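Descriptive structure summary
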Amino acid sequence: MILHILYTTIFFTLFMSITPWWAFMIISLSMGILFNMETKNKITLVTSSASISWGGCFILRYYQGGELITSRIASMFEVNVSILFALTILIVVVISFLSCYIGDLFREEYIEVK
């Protein structure tokens, strides 16, 4: 399972470096449809991979010149930068969970033979 998370995290990170920020939903949805696993394992894999890659990209972009915009957004919401980081990770986990679950429901309803 850890090896699956590692490979999926690398794929998420490579894909997110060349696409818009919301593209992880497409990956989560497609993994929910394509992976042939139990629903719980599939959702765990996708949400952990999405959050790890999002956190890595967030930190990388923060230290490559994003300090100003991140601190301005944090001051706009009147929170600390670390709380803003945690909130973005939480949002990514919720959205990737929902996308993967919808993909899994689609797979169960329309793709798998009953």
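What this report covers is the structure whose coordinates are included nearby. Nothing here was measured: the structure is a model prediction, and the numbers come from that model.

Considering the environment of Phe-24
Note on placement: Phe-24 falls in helix 2 (residues 24-34). Among the residues examined, Phe-24 registers a relative accessible area of 1% and is labelled buried. A sequence separation of 75 residues divides Phe-24 from Ser-99, and the C-alpha atoms of the two residues are 9.2 Å apart. Setting aside residues no more than four positions away along its own chain, Phe-24 makes contact with Phe-12, Met-16, Trp-54, Val-92, Ile-95 and Ser-96.

Structural notes on the packing of helix 2 against helix 3 (residues 39-76)
Where helix 2 contacts helix 3, the axes come no closer than 10 Å and their chain directions differ by 160 degrees. Here helix 2 is positioned roughly antiparallel relative to helix 3, judged by the angle of their axes. The chirality of how helix 2 crosses helix 3 is right-handed. Note on element contacts: helix 3 touches helix 2 through Lys-42, Val-46 and Trp-54, opposite Phe-24, Ser-28, Met-31 and Gly-32.

Concerning helix 2
When we look at burial in helix 2, the residues that qualify are Phe-24, Ile-27, Ser-28, Met-31, Gly-32 and Ile-33. In this fold, the buried residues of helix 2 make contact with helix 1 (2-16), helix 3 and helix 4 (81-111).

Details of helix 1
For helix 1, built from 15 residues, the straight-helix expectation of 21 Å at 1.5 Å per residue is met to within 8% by its first-to-last C-alpha distance of 21 Å. Regarding helix 1, the residues found buried are Ile-5, Thr-8, Thr-9, Phe-12 and Met-16. Mapping the buried residues of helix 1 onto a view down its axis gives an arc of 110 degrees, with all of them on the same face. Within helix 1, the exposed residues directed more than 90 degrees away from the buried face are Tyr-7 and Leu-14. Against the buried residues of helix 1 lie helix 2 and helix 3.

Details of the packing of aromatic side chains
Scanning all chains against the criterion turns up 6 aromatic pairs. Arranged with centres 5.0 Å apart and planes meeting at 80 degrees, the rings of Tyr-62 and Tyr-63 form a pair that is edge-to-face. Overall, Tyr-63 belongs to the exposed group, its relative accessible area being 60%.

Quick word on the nonpolar core
Counting residues in hydrophobic clusters, the biggest one holds 14 residues, and the most contacted among them are Phe-12, Met-16, Phe-24, Met-31, Val-46, Trp-54 and Val-92. Taken together, the elements giving at least two residues each to this core come down to helix 1, helix 2, helix 3 and helix 4. The biggest single contributor to this core is helix 3, with 6 residues.

Reading guide: rules and limits
Residues numbered from 1 in each chain as written. Predicted model: local features only at pLDDT ≥ 70, side-chain atom pairs only at ≥ 80, totals over all residues. Heavy atoms only, no water. Helix = DSSP H or I, 4+ residues; strand = E, 2+ residues; numbered from the N terminus. Buried < 20%, exposed > 50% of the residue type's maximum accessible area, 1.4 Å probe, protein only. Contact = heavy atoms within 4.5 Å. Axes fitted to C-alpha atoms, helices over the stretch in contact; angles between N-to-C directions. Parallel < 35°, antiparallel > 145°, perpendicular 65-115°, else oblique. Left-handed = near helix turned anticlockwise from the far one by under 90°. Expected span 1.5 Å × (residues − 1). Arc of directions from axis to C-beta. Phe/Tyr/Trp six-rings, centres within 6.5 Å; stacked < 30°, edge-to-face > 60°. Core = buried A, V, L, I, M, F, W, Y, C linked by side-chain atoms within 4.5 Å.

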